Amino acid sequence: MITVAELKAAITERITAYNDQDLPFAKRATETRDLLASHNHILATNITSPFDVPRQNLSAMDGYGIAKGSTLEQGTSIDIVGESQAGSPYKGSLKPGQGVRIFTGAVVPSDCDTVVMQENTNFADIKDSIDKSQTYSIELTQAAKVDNNIRKQGEEIEAGEVVLETGKRLNPADISLLANLGVAKVEVYKSLTVGILATGDELVAVGEPLQTSAQIYNSNTPTLKSMFSHLPLVIQDYGIIPDHLELTKKAVRSAMQECDVLISTAGVSVGDYDFLTTVIEELGQINHYKVAMKPGKPFVFGELTEGLDVPVLYFGLPGNPLSSVVGSLQFIIPALWRLSGINVADIPQPLTLTASLANDIKKSPGRADFQRGIFSQKTDSPNTDSPSTVGGEYVVKTAGKQDSHRIKQLSLANCLIILPKDSGSLAAGDKVTIQPFPWY
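In this report, we go over the structure that sits alongside the text. (Residues numbered from 1 in each chain as written. Predicted model: local features only at pLDDT ≥ 70, side-chain atom pairs only at ≥ 80, totals over all residues. Heavy atoms only, no water.)

### Description of a nonpolar patch on the surface
Phase 1 of the analysis: Among the surface-exposed residues, Val206, Leu210 and Tyr217 lie close enough to one another that they form a single nonpolar patch of about 280 Å² accessible area.
Phase 2 of the analysis: Residue placement: Tyr217 occurs in strand β14 (residues 216-217). (Patch = residues over 30% accessible without salt bridge, like charges linked within 9 Å, V, L, I, M, F, W, Y side chains within 5 Å. Areas by Shrake-Rupley, 256 points an atom, 1.4 Å probe, with all protein chains shown as cover. Salt bridge = Lys/Arg side-chain N within 4 Å of Asp/Glu carboxyl O. Helix = DSSP H or I, 4+ residues; strand = E, 2+ residues; numbered from the N terminus.)

### Structural notes on the nonpolar core
Phase 1 of the analysis: Ranked by internal contacts, the top residues of the largest apolar core, which has 46 residues, are Ile11, Phe228, Ile263, Phe299, Phe315 and Leu336.
Phase 2 of the analysis: Among the secondary structure elements, those contributing two or more residues to this core are α1 (4-22), β12 (192-199), α4 (220-227), β16 (261-265), β20 (312-317), α7 (321-339) and β22 (368-377).
Phase 3 of the analysis: When neighbours within four sequence positions are excluded, Phe299 is seen to be in contact with Leu7, Ile11, His288, Tyr289, Lys290, Val291, Phe315, Gly316, Leu317, Gly327, Phe331 and Ile332.
Phase 4 of the analysis: Within the second largest apolar cluster, 18 residues are counted, among which are Leu197, Tyr238, Ile241 and Ala251. (Core = buried A, V, L, I, M, F, W, Y, C linked by side-chain atoms within 4.5 Å. Buried < 20%, exposed > 50% of the residue type's maximum accessible area, 1.4 Å probe, protein only. Contact = heavy atoms within 4.5 Å.)

### As for unusual backbone geometry
Phase 1 of the analysis: Of note, the bond from Val53 into Pro54 is cis; its omega dihedral lies within 30 degrees of zero at -5°.
Phase 2 of the analysis: Within the secondary structure, Pro54 sits in the loop between β2 (47-48) and β3 (58-59).
Phase 3 of the analysis: With an omega of -5°, the peptide bond running from Lys294 to Pro295 counts as cis.
Phase 4 of the analysis: One non-glycine residue with positive phi stands out, namely Asn40, at about 70°.
Phase 5 of the analysis: As for its position among the elements, Asn40 is in the loop between β1 (30-34) and β2.
Phase 6 of the analysis: For Asn149, which is not glycine, the phi dihedral falls at a positive 60°.
Phase 7 of the analysis: Structurally, Asn149 is set in the loop between β8 (136-139) and β9 (150-151).

### Section: α4
Phase 1 of the analysis: Residues of α4 that are buried include every one of Asn220, Thr221, Leu224 and Met227, and no others. Considered in projection along α4, the buried side chains sweep an arc of 130° and stay on one side of the axis.
Phase 2 of the analysis: The inward-facing, buried residues of α4 contact β12, β15 (233-241), β16, β20 and α7. (Arc of directions from axis to C-beta.)

### Here we look at the packing of aromatic side chains
Phase 1 of the analysis: What the rule picks out here adds up to eight aromatic pairs.
Phase 2 of the analysis: Arranged with centres 4.6 Å apart and planes meeting at 15°, the rings of Phe437 and Trp439 form a pair that is stacked.
Phase 3 of the analysis: Taken together, Phe299, Phe301, Phe315 and Phe331 form an aromatic cluster joined through their ring pairs.
Phase 4 of the analysis: Directly above the ring of Phe123 sits Arg101, whose terminal nitrogen or CZ lies 4.5 Å from the centroid.
Phase 5 of the analysis: A cation over an aromatic ring shows up here: Arg169 above the ring of Trp337, its NZ or CZ 5.4 Å from the ring centre. (Phe/Tyr/Trp six-rings, centres within 6.5 Å; stacked < 30°, edge-to-face > 60°. Lys NZ or Arg CZ within 6 Å of the ring centre and 35° of its normal.)

Encoded structure:
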């Protein structure tokens, strides 16, 4: 069996070739989206700034803008002849020895070359006697320097500068940047179409009644849709396919014509009624089958090619819910991001932490083990009324029995405990790697 690391590398290698040869980004369809609808989508073109940021010299403080050529020593008296507010700049001219009252974010008059903080003047002593309609004088209580407290025009962004590059995944900070630049619409890569199908005579769609005690609800399709909801995808749901070779083949053929990627749950093992591997081999090829991990050993990575100019990549997950979750987190979600057009450096990386085990774990070497866990952080403070988590170590316990069909434990857990392939049993207090669930 291929190891987890080897399978990740193989998927990455194939997708890199797919992006370079099968469907290069230069040939991908793009679409224009409203700014707020572009979150988590992938830029298809560079975005340049239409203007300098700041657009003019701005004050970084509340205080006084002092005219060029003025003496800036302690004790100097400055005549204040006007005011500059944010959105309402001073429009007159200034001579040495003069200044204007100025506020944070206001335009610094072109005649000024420094801003003095009001705390470095006698403002506090004279504020109650100031008549803003008349010229009044302030005194510098500390020496000032030219260019102090001025945000210079273009110091953050220059007009024409590339602020976001092709392949950038747009996050809330990017939305903020673009909104500040007045960008209302962006060109992004068109969303991938990802097909999802579930197989099994025992499955019933959520919302339909169970007719016999042998039936169960199809939880995998809703689970996958939820897990993929933050990706720039269009999900095509092919429903539940009975355990029947020809019906399975018909569903896969249909998906091949409509999707970029096909993901199935169940039907990839070696049972008499598991037909998906047979169908994939007939309509394409299986690149890898079985991975040395628990749960989720019968994981299939392949591609569908019959009659297609561009292959449809295929991921086959086992039928139990935990295997679908683990396989999606470890392999499928990173693969979908790579296929989306994202810059490699911008692919969201799963968070991993080191934690101390709160209980013993039994494990045999041979397969990587992903166990459901519940982690928390110890506090430094013995005062429980005022806890501090700064520097507190992480502690993790297993979330009940680890059978892969148990769905309640998955809901209770907030992380995966990752036990390496060659690891044996561990004792309470041993250090382990944990991967918090991205929804935690």
